[in-house]
Amino acid sequence: MISDISNTAAKVDLAFLYITGMSVVLLVLITSFMVYSLVRYNVKRHPRAEQIEGNVATEIILTVIPVILVLVMFYIGWTNFSYLRNAPKDAIPVTVRGMMWSWHFEYKNGKQNDVLNVPVGKPVELILTSADVIHSFYIPAFRIKEDAVPGMKTHLWFKAGEIGSYDVFCTEYCGTGHSHMVSKVVVMAQDAFDKWYAGAGAAGKENKGLQLLQAKGCLGCHTADGAGKIGPTFKGIFGRKTVILTNGKEREIVVDEDYIRRSVLQPAADIVKGYPNIMPVIPVTKDELDTIVATLEELK
Ligand SMILES: [Cu+2]
């Protein structure tokens, strides 16, 4: 009944189990006593009401026992809460950025991804922030959840207990694409994680470009294969004739390198006609922007 999928799940489940267990015990005791009294002191069996003066022993018992039960509840809640709030010093730090509508994960060595890869059995500390509005980062299987707020850093930590893949959701309604704001925690064996973290990988040049688009969250809104999504597809974007709105004025342009750079750095400057102005400013380094331009150029 107590999950060992993560240390955090075990702590939360213990509190939950105690509270639910106590509630069930009390429900059964109180209901049985009530039914018993209904029968025993029914007006037919007990036609004359009786005045009871009180019973000190009963009153003390009925005060002390509930106080103890509730204090135990408080103790479990408080100690587990402070445990969940304080990451151990040796936790692996990962920066999590929420944006409309994807999650982005960045590691200490600069490695980035759109799913959260972690080694099994090692503490991981998440440093959460947001690029736009308030999101909420939630891993149901680990029983942990925390808001991701623009301009602020919030924290979570966990130690995964079993290799596997677990859902990540946004649980703060954040606009049209909120329900698509999903990701995964992938818990890996230590050596598989180390290999991924060192990050050689046999990806070719084009593949690396697509991986970057994926990691940056671009593919949450754009596709590389011509299909429509929240934004225009990247397929055949280079040299494409597009009608854009600049300060509300329509003009037709041919997509070139400068236009793509501007689209990424200042998404609100030119808006493709027929699309909403919702593309976030996603921080990219100069090298990353070069890779993005080169990758889009090749998606014919
Ligand atoms: Cu969200």
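Residues numbered from 1 in each chain as written. Predicted model: local features only at pLDDT ≥ 70, side-chain atom pairs only at ≥ 80, totals over all residues.

Lay out unusual backbone geometry in plain terms, naming residues and giving numbers.
With an omega dihedral of 0°, the bond running from M100 to W101 counts as a cis peptide bond. Even without being a glycine, R143 presents a positive backbone phi close to 60°. Of the residues examined, R143 has 20 C-beta atoms within 10 Å and is grouped as buried. Not every positive phi belongs to a glycine, and N247 is a case in point at roughly 50°. Looking at where N247 falls in the secondary structure, it is placed in the loop between β11 (241–246) and β12 (249–254). Take N247: there are 7 C-beta atoms within 10 Å of it, and that puts it in the exposed class. (Buried ≥ 20, exposed ≤ 12 C-beta atoms within 10 Å, placed from the backbone. Helix = DSSP H or I, 4+ residues; strand = E, 2+ residues; numbered from the N terminus.)

Could you give an account of helix α2 (residues 56–85), naming the residues involved and the relevant values?
Counted at 1.5 Å a residue, the expected span for α2 with its 30 residues is 44 Å, and the 43 Å between its end C-alpha atoms agrees. Burial runs low along α2: only 0 of the 30 residues are buried. (Expected span 1.5 Å × (residues − 1).)

Can you explain the packing of helix α5 (residues 257–265) against helix α6 (residues 286–298)? Please cite residues and give values.
Contact pair α5 / α6: the axes reach a minimum separation of 10 Å and the direction vectors enclose 125°. What the angle tells us is that α5 and α6 run oblique. Note on packing geometry: the crossing formed by α5 with α6 is right-handed. Facing E257, I260, R261 and V264 of α5, the residues of α6 in contact are L289, I292, V293 and L296. Taken together, the residues that form the contact of α5 with α6 break down as 6 nonpolar, no polar and 2 charged. (Axes fitted to C-alpha atoms, helices over the stretch in contact; angles between N-to-C directions. Parallel < 35°, antiparallel > 145°, perpendicular 65-115°, else oblique. Left-handed = near helix turned anticlockwise from the far one by under 90°. Contact = placed C-beta atoms within 7 Å. Nonpolar A, V, L, I, M, F, W, Y, C, P; charged D, E, K, R; others polar.)

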